Amino acid sequence: MNAMVLHAPAPAESHPLHLQELSDLQPGPGEVALEVLACGVCRTDLHTVEGDIPLPCLPVVPGHQVVGRVVALGRGVDRALLGAVVGVGWMGGTCGSCSYCQSGRENLCPNAQFTGLHRWGGYAQRMVARADFTYPLPAHLPPEQAAPLLCAGVIGFRALRLAGALAPVKVGFFGFGASAHLTLQVAASWGGSTGRSFTTSG
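Residues numbered from 1 in each chain as written. Predicted model: local features only at pLDDT ≥ 70, side-chain atom pairs only at ≥ 80, totals over all residues. Heavy atoms only, no water.

Quick notes on the overall build of the chain
Summing up its helical and strand segments, the chain has five helices and eleven strands in all. Scaling as 2.2 N^0.38, a compact globule of 202 residues should have a C-alpha radius of gyration of about 17 Å, and the chain matches this with 18 Å. Counting every position in the chain, which comprises 202 residues, the buried fraction comes to 39%. Partitioning the contacts of the chain with sequence separation of at least 6, the portion at a separation of at least 24 is 68%. Total accessible area computed for the chain in this model is approximately 10,700 Å², and 57% of it derives from carbon and sulfur atoms. (Helix = DSSP H or I, 4+ residues; strand = E, 2+ residues; numbered from the N terminus. Rg over C-alpha atoms; globule rule 2.2 N^0.38 Å. Buried < 20%, exposed > 50% of the residue type's maximum accessible area, 1.4 Å probe, protein only. Contact = heavy atoms within 4.5 Å. Areas by Shrake-Rupley, 256 points an atom, 1.4 Å probe, with all protein chains shown as cover.)

Structure (structure tokens):
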């Protein structure tokens, strides 16, 4: 397989990602191997490449807005997943047992692993992911449209849910990037014809 591999962080303009041919990754127990169909680009990928965030391991393949087709299963994975189109986001795995995981706040798990940081990500033809951290996607949704939903879309949806804004209320958006772009659409769709109004700034 071909992959864009980071061996050492450096300014993006110096092209620190290098195209390499690697052996196909094989799934371990509880994992699936994916043929990558699409992978979005996130600002966090730039932070990773440039070393703005601590890098727990090198080399690493960035990319955490991944849509892929399951092509191989590790031990213990439901065979129904074989051939399925799934998404993989930033959250690549958690312990499942700490107080954060048990209270629906897995993003704060002290043992969390993140796709494209701790685990090799989607800037490749193939990747491996934990089966329990893949998400089934509708067959009719084009991969390039689904990919941004796995980061920017999830962030925005979570913000709306935590703010209690998945109901007919006034919503204010401060700052406007990929997340707000998608969140506006989610809020408008969720509100339907309820007369929801929006305020944007930034």
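What about the sheet that holds strand S8 (residues 126–130)?
On the basis of which strands lie adjacent, the open sheet formed by five strands has the order S8-S3-S4-S5-S9 and antiparallel pairing. Two strands in the sheet have a free side with no partner beyond their single neighbour: S8 and strand S9 (135–136). Two strands pair when backbone bridges link them, and strand S3 (residues 31–39) and strand S4 (residues 66–73) are joined in this way by seven bridges, in the antiparallel orientation. By the bridge assignment, alanine 33 is partnered in S4 with alanine 72. (Pairing = 2+ DSSP bridges.)

Description of the confidence of the model for the chain
With 92% of its residues at a pLDDT of 70 or more, the chain has an overall mean of 89. Every residue in residues 192–197 is under pLDDT 50, and counting partners more than four places away or in other chains gives 13 contacts. (pLDDT = per-residue confidence, 0-100.)

Observations concerning the state of the cysteines
Following the criterion strictly, the structure yields zero disulfides and no others. Its sulfur unpaired, cysteine 42 is 3.9 Å from the next cysteine sulfur, which belongs to cysteine 151. (Disulfide = S-S within 2.5 Å.)

Focus: the packing of aromatic side chains
In the structure shown here, the tally under the stated rule is one aromatic pair. Geometrically, the ring pair formed by tryptophan 90 and phenylalanine 114 is stacked, given 4.8 Å between the ring centres and 15° between the ring planes. With tryptophan 90 in the loop between strand S5 (85–88) and strand S6 (91–93) and phenylalanine 114 in strand S7 (residues 113–114), this residue pair connects regions lying 24 residues apart in the sequence. Taking the relative accessible area as the measure of exposure, tryptophan 90 reaches 24% and is therefore partly exposed. (Phe/Tyr/Trp six-rings, centres within 6.5 Å; stacked < 30°, edge-to-face > 60°.)

As for the nonpolar core
Counting residues in hydrophobic clusters, the biggest one holds twelve residues: Val32, Leu34, Val36, Val66, Val70, Val77, Leu81, Val86, Val88, Met127, Ala129 and Ala131. Beyond its immediate stretch of four places on either side in the chain, valine 86 contacts Leu34, Val66, Val67, Gly68, Val70, Leu81, Thr134, Tyr135, Pro136 and Leu137. (Core = buried A, V, L, I, M, F, W, Y, C linked by side-chain atoms within 4.5 Å.)

Some details on unusual backbone geometry
At the junction of leucine 58 and proline 59, the peptide bond is cis and its omega measures out at -5° in the coordinates. For proline 59, the position within the fold is in the loop between helix H1 (43–50) and S4. Unusually for a residue other than glycine, histidine 15 sits at a positive phi of about 60°.

Section: helix H4 (residues 152–162)
Given 3.6 residues per helical turn, the α-helix brings residues three or four places apart onto the same face. Looking at H4, one finds that the buried residues are Ala152, Gly153, Gly156 and Leu160. Take H4 and look down its axis: the buried residues cluster within an arc of 95°, on one side only. In the stretch just after H4, glycine 164 is the one whose phi turns positive, near 70°. (Arc of directions from axis to C-beta.)

Some remarks on the environment of glycine 40
Looking at the secondary structure, you find glycine 40 in the loop between S3 and H1. For glycine 40, a relative accessible area of 12% puts it in the buried group. Through-space distance from the C-alpha of glycine 40 to that of glutamine 145 is 9.1 Å; in sequence the pair is 105 residues apart. When near neighbours in sequence (up to four residues on either side) are disregarded, glycine 40 contacts Asp45, Gln65, Tyr123 and Ala147.

A look at the pairing of S4
A regular strand carries its side chains on alternate faces of the sheet. Pairing geometry for S4 and S5, over four bridges, is antiparallel. Among the inter-strand pairings, valine 66 is bridged to a residue of S5, identified as valine 88.

Observations regarding H1
Residues Asp45, Thr48 and Val49 constitute the buried set of H1. Projected onto a plane normal to the axis of H1, the buried residues spread over an arc of 95° and lie on a single side. As for H1, its buried residues are in contact with strand S1 (2–6) and strand S2 (17–21). Positive backbone phi, at 80°, marks glycine 51, one or two positions downstream of H1.

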